[in-house]
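Observations on chain architecture
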Amino acid sequence: MLYMVEMVVKIPHTMPAEVAAEIKAREKAYSQQLQKEGKWRHLWRVVGEYSNVSIFDVASNDELHTMLNNLPLFPYMEIKVKPLANHPSSIVQE
Ligand SMILES: O=C(O)C[C@H]1C=CC(=O)O1
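Residues numbered from 1 in each chain as written. Predicted model: local features only at pLDDT ≥ 70, side-chain atom pairs only at ≥ 80, totals over all residues. Heavy atoms only, no water.

The protein chain is annotated in an unreviewed UniProt entry as Muconolactone Delta-isomerase of Diaphorobacter ruginosibacter. Note on the protein chain: under the UniProt heading Catalytic activity (unreviewed entry), the record states "(S)-muconolactone = (4,5-dihydro-5-oxofuran-2-yl)-acetate". (UniProt positions renumbered as here; feature names shortened; annotations may be inferred.)

1. Observations concerning the sheet that holds strand S4 (residues 77–84)
Taken in spatial order, the four strands make up an open sheet running S2-S3-S1-S4, and their pairing is antiparallel. At either margin of the open sheet sits one strand with a lone partner, and together these are strand S2 (40–45) and S4. On average, each strand axis in the sheet is tilted by 15 degrees relative to the strand beside it, whichever way the strands run. This element, helix H2 (residues 61–69), spans strand S1 (2–9), strand S3 (51–57) and S4 of the sheet and lies at about 20 degrees to S1. (Pairing = 2+ DSSP bridges. Helix = DSSP H or I, 4+ residues; strand = E, 2+ residues; numbered from the N terminus. Axes fitted to C-alpha atoms, helices over the stretch in contact; angles between N-to-C directions. Contact = heavy atoms within 4.5 Å.)

2. What about the pairing of S2?
When S2 meets S3, the two strands line up antiparallel, connected through five bridges. Paired with Leu 43 across the strands is Ser 54, a residue of S3.

Shown next, in the form of structure tokens:
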């Protein structure tokens, strides 16, 4: 099952820089692990924003929820999820 996920990162300005850097390093490692596993298929930066648009390929709503919940930046993100279906005009059917 494919999902488009938008993540807007909102780290509090009061968070010490070294704490933010440590969380971001863990986030990077976790996201790269999921990308290597083929579960996080696309990761794009939105131009001019501290946000991303991603495509996830997972077995269920529950798997995606667990994955997002485990992101180290989860407490500091606003997340929107859109489930995707095949478009009848697309030449690629997944
Ligand atoms: O920077 C972001 O968009 C948030 C998050 C997503 C992957 C990652 O490494 O950080």
